[in-house]
Structure formats: C-alpha cells, structure tokens
Amino acid sequence: MTDGKVGDLVPSRSSPTVRRRRLAAEMRRLRKESGKTREQVAQFVGCSPVTVTRIESGQSAPRVADAARMLEMYGVTGTRREMLIALAREARRRGWWQQYSVTPWFEVYVGLEEEASEIRSYESEAIPGLLQTEGYTRAVMLADVDVPGEEEIQRRIAVRMKRQERLTGDDAPKMWVVLNEAALHRQVGGKDTMREQLRHLVDLSRPSRVVVQVLTYSAGAHPGMDGSFVILRFPEPADPDIGYVQYRRGSVYLEEPSDVGAYAEVFDHLRARALGPDESRALIARVADQIT
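On a predicted model such as this, the values are computed, not experimentally measured, just so you know.

This brings us to the nonpolar core. L131, L184, L198, L201, L232 and I284 are the most contacted members of the largest nonpolar core, which has 41 residues in total. For this core, the leading source of residues is helix α10 (residues 191-204), giving 5 residues. Not counting chain neighbours up to four residues away, the residues in contact with L232 comprise Y109, L112, E113, A116, E118, I119, D241 and I242. One finds V45, A61, Y74 and L87 within the second-largest nonpolar core, a separate group that totals 21 residues.

As summarised here, the arrangement of the 6 strands in space is β3-β2-β1-β4-β5-β6, forming an open sheet in which the pairing is mixed. In this open sheet, the two edge strands, each paired with only one partner strand, are β3 (210-215) and β6 (250-254). Strand-to-strand twist across the sheet, computed as the mean angle between neighbouring axes with direction ignored, equals 15 degrees. Pairing of strand β2 (residues 174-180) with β3 involves 6 bridges; the strand directions are parallel. Bridge pairing in β3 places W176 opposite V211. The strands touched by helix α11 (residues 257-273) are β1 (118-123), β2, β3, β4 (229-233), β5 (242-247) and β6; relative to β4, the strand with the most contacts, the crossing angle is about 110 degrees.

Turning to the pairing of β2, a few remarks are in order. Among the 7 residues in β2, 6 count as buried, and that is most of the element. Judged from the 6 bridges that link them, β1 and β2 form a sheet pairing that is parallel. In the strand pairing of β2, E118 is matched with K174.

Another point: the pairing of β3. Summarising burial for β3: 6 of the 6 residues are buried, a large majority. Both faces of β3 are covered, namely the face carrying V210, V212 and V214 and the face carrying V211, Q213 and L215.

Attention now goes to the packing of helix α1 (residues 16-34) against helix α4 (residues 64-74). Two numbers describe how α1 lies on α4: the axes approach to 9 Å, and their chain directions differ by 30 degrees. In this view, α1 runs roughly parallel relative to α4, as classed from their interaxial angle. Like other packed secondary-structure pairs, α1 and α4 cross with a definite hand, here left-handed. Contacts from M27, L30, R31 and S34 in α1 reach A67, M70, L71 and Y74 in α4. By residue class, the composition of the contact of α1 with α4 is 6 nonpolar, 1 polar and 1 charged.

Quick look at the environment of D192 now. With respect to the secondary-structure elements, D192 resides in helix α10. Each C-alpha atom, one on D192 and one on I291, is 8.2 Å from the other, the two residues being 99 residues apart in sequence. At a separation of 3.1 Å, a polar atom in the side chain of D192 contacts the side chain of R195.

Here we take up helix α12 (residues 277-290). Counting along an α-helix, one turn takes 3.6 residues, and residues three or four places apart therefore face a common direction. Its 14 residues place the ends of α12 20 Å apart at the C-alpha level, agreeing with the 20 Å of an ideal helix rising 1.5 Å per residue. Considered for burial, the residues of α12 that qualify are S280, R281, L283, I284, V287 and A288. The buried side chains of α12 occupy one side of the element, clustering within an arc of 160 degrees when seen end-on. Among the exposed residues of α12, those pointing more than 90 degrees away from its buried face are D278, D289 and Q290. Tucked inside the fold, the buried residues of α12 contact α9 (182-185), α10 and β3.

Here the focus is the side chain of R21. In this fold, R21 is placed in helix α1. For R21, a relative accessible area of 12% translates into the label buried. Those residues in contact with R21, other than ones at most four positions away along the chain, are L112, F234, D239, P240, D241, I242 and E255.

On to the pattern of salt bridges. A complete count under the given rule lists 25 salt bridges for this structure. E90 is paired through a salt bridge with R93; the nearest N and O atoms lie 2.9 Å apart. You can call E90 partly exposed: its relative accessible area is 25%. Overall, R93 belongs to the partly exposed group, its relative accessible area being 32%. Across the pair D268 and R120 runs a salt bridge whose closest N-O atoms are separated by 3.9 Å.

Conventions we followed
Residues numbered from 1 in each chain as written. Predicted model: local features only at pLDDT ≥ 70, side-chain atom pairs only at ≥ 80, totals over all residues. Heavy atoms only, no water. Core = buried A, V, L, I, M, F, W, Y, C linked by side-chain atoms within 4.5 Å. Buried < 20%, exposed > 50% of the residue type's maximum accessible area, 1.4 Å probe, protein only. Helix = DSSP H or I, 4+ residues; strand = E, 2+ residues; numbered from the N terminus. Contact = heavy atoms within 4.5 Å. Pairing = 2+ DSSP bridges. Axes fitted to C-alpha atoms, helices over the stretch in contact; angles between N-to-C directions. Parallel < 35°, antiparallel > 145°, perpendicular 65-115°, else oblique. Left-handed = near helix turned anticlockwise from the far one by under 90°. Nonpolar A, V, L, I, M, F, W, Y, C, P; charged D, E, K, R; others polar. Polar contact = N/O pair within 3.5 Å; in protein donor to acceptor, adjacent residues only side chain to side chain. Expected span 1.5 Å × (residues − 1). Arc of directions from axis to C-beta. Salt bridge = Lys/Arg side-chain N within 4 Å of Asp/Glu carboxyl O.

Here it is as structure tokens:
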C-alpha cells in the first residue's frame, strides 16, 4: 500500500463500520509484515490476544491509545501513522443507527450500507427494505411468528425510513434490484397497502439511480433459487465488495473475492433473464392497477 493521501484511507462518507473494517485490514497486514504474533502484540500494548483478534477482524474498534501502541510496534511513523490514528478515531464514532438499538448483526449491515456507492440485490419473496412503504413494512412485521410490540414496530420502521433517506440524497448510491415476480402478487397488508407499495416502486424506479427488473414466472428455473442476497460496492478501492445473505436469526457476510464473485455472477445471470427496466415498470404498474 502506498504512502498516499489521506483520502487513500479515509472515505468520503462517515460510516464508522466501513472505517473499522478498513482499519482492521491495515492492522492485520501490518502485524503480518512485522512478523509479530497476536500474543506479542497484546503483551506490548497491554491487552489480551482476543482484543487483538477482534480489532483485526473488525469486530471492534481499538482505543486510540492502543492503536498508537500497535503502530509503534510495527514501526509506522509520519504521515502514515497520522492517517491510521485518524482512521482509528473515526472508527470509534457512533453511527446514527446506534441510537435505535438495532440488532447487533443487522447494525453491521446498516453501517456498511450507509457508505455503499452501489447496492445490488436479488429479492425472492418481498420488496427490498430500502424500497418499502411504511404500510408494507408494518404488514411484514405483523405477519411474523413473534409479533413485536407497537413500540418495537415503530422503532424498526423509523430505522427503515431513515435508511431510505440515502436514496434521495446528493450522494445516493446506485441501486439495482432484481425482483422475483412472486413479490408483486403477494398481497402484503391487503389491497390498499399493496397497491400503494407497487405504485411507490414504479415512482422509485423512474430515476436512473434506482433500477428495478422483474424476473417473471416465465423465466423458469434460475440460478437465484437458493434465496435472496445483496452485494455492496464502495467508492474507495481499499474497500472490497461485500456479499450479504440474511437468515431468520442472523446474517452471513462474504468478503472473500471468490465468494462475492460467485454471487455477482448469479446476479448477472438473473438480470439477463429478467425483463428490462421499462418493461418491468410497466408490469408493476399493471399489477397495481389490477388490484381492485
């Protein structure tokens, strides 16, 4: 890695999750290059080896003093040291989502999504959260096995609506969604709610930064039959793509290039088999009009 500008390390947006991830990669690389073990680093810094592991895996951000000691051990000085210390400070900031007490495994996703420059998503059953209306979101929650209380529902809705603000901001990410046709016909929340949701989807798909394609029933068997997934891309080359697969009680983050590449290939096949954006918009509008 070069002794470049501050921008080489500090991204333009402000997600501490992404900065923590980048800092983790830097600290892991520096330790390996120095030939030190985690135990040696822990002894020098005055912490446990588990703490070093958590820092290098991005599970937690180091205290600035600990980061400084680690850099001292690795022989990092000058501008490079200043940039990494600044990154450590930013990694410890609180993101807006933390005030909502978001589930820990989903908090990581929100932090990554906050700084993504491109979001690619395949959805097999439901409209993606970033494109949902409040009524649709509420109906999905009320259909759960363990229905949350009203206060919890309001909290989750607030988080989802806050996330959606990025789609209309100056630095909005490009969003590309392939939506299984089944999600259009499943009447979540009843006719009025579903009609509103579909029309909202039509409106959102008009700007060039939100692309929606429908994978129709006529497409038959397809590579995405394993289920939904998301691929996040970031503006800085130092932040590689991430694949995200959610299940009922948690999620899996894919960072190995081969794993992310496999999902990217599936996504390319799905969008090739789906209707084009204009045809998809027309289909969504027709389904909405047919709900009477």
